[in-house]
Amino acid sequence: MNTHMRSLVLISAFLGLFAGVALADDNAGKPGPGQNRGQWCADNPQKCQEIKTRMQEKCAQDPKRCEEMKARAAELKAKCDANPEECQKKREQMKSRRAEMRARCEANPEECKAKREEMREHRKQCRENPDSCRRPGRDKASTEKPST
């Protein structure tokens, strides 16, 4: 596996693991738009509209970042279209990690509550100063080709 792909896998795993801790109670047992967006939006039109509105507001605040996210999503979609088995494997791994995190949170809810609060504070700080939360070179990573 080349270094760029390994980085993508590690970043995805880290974000999924960290988000699993941060959101374990918040989303436990509740389907969200990511699972089946069309059906979820049909079942939850008000929440779906709220999410769309919030995304539009974020894009209005930082259009460059929004375009970067859209480009990254398109890039990942193209990779998944080219290699659906690998993407399915990664999805299954992430589901497994989330299930592990939920089990840990059920076993130790106080620790999860503390981690969720820590993440909320971190996100608040990132909203106030986005550049402090971006890793150096991250903005260039999606435009540069990896060395093989």
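To keep things clear, this report deals only with the structure shown in the data block. Predicted, not measured: the structure shown is a model, and the values here were computed from it.

1. Some words on the pattern of salt bridges
- Applying the stated criterion to the full structure yields 6 salt bridges.
- Across the pair aspartate 81 and lysine 77 runs a salt bridge, and its minimum N-O distance is 3.0 Å. Of the two residues, aspartate 81 and lysine 77 are both situated in helix 4 (residues 63-82); the distance of 4 residues between them amounts to about one turn of the helix. The two residues aspartate 81 and lysine 77 agree in class, both being exposed.
- For glutamate 117, the salt bridge goes to arginine 120, with nearest N and O atoms at 2.9 Å. With glutamate 117 and arginine 120 both in helix 6 (residues 109-128) and 3 residues apart, this pair spans about one turn of that helix.
- Given a relative accessible area of 43%, glutamate 117 falls into the partly exposed group.
- The network of salt bridges with common partners includes Lys64, Arg65 and Glu68.

2. A few points about the packing of helix 4 against helix 5 (residues 84-107)
- Interhelical geometry of helix 4 versus helix 5 gives an angle of 115 degrees and a closest axis separation of 5 Å. One finds that helix 4 runs roughly perpendicular with respect to helix 5. In this structure, helix 4 contributes Lys79, Cys80, Asp81 and Ala82 to the contact, and helix 5 contributes Pro84, Cys87 and Arg91.
- Of the residues contributing to the contact of helix 4 with helix 5, the split by class is 4 nonpolar, no polar and 3 charged.

Calculation criteria
- Residues numbered from 1 in each chain as written.
- Predicted model: local features only at pLDDT ≥ 70, side-chain atom pairs only at ≥ 80, totals over all residues.
- Heavy atoms only, no water.
- Salt bridge = Lys/Arg side-chain N within 4 Å of Asp/Glu carboxyl O.
- Helix = DSSP H or I, 4+ residues; strand = E, 2+ residues; numbered from the N terminus.
- Buried < 20%, exposed > 50% of the residue type's maximum accessible area, 1.4 Å probe, protein only.
- Axes fitted to C-alpha atoms, helices over the stretch in contact; angles between N-to-C directions.
- Parallel < 35°, antiparallel > 145°, perpendicular 65-115°, else oblique.
- Contact = heavy atoms within 4.5 Å.
- Nonpolar A, V, L, I, M, F, W, Y, C, P; charged D, E, K, R; others polar.

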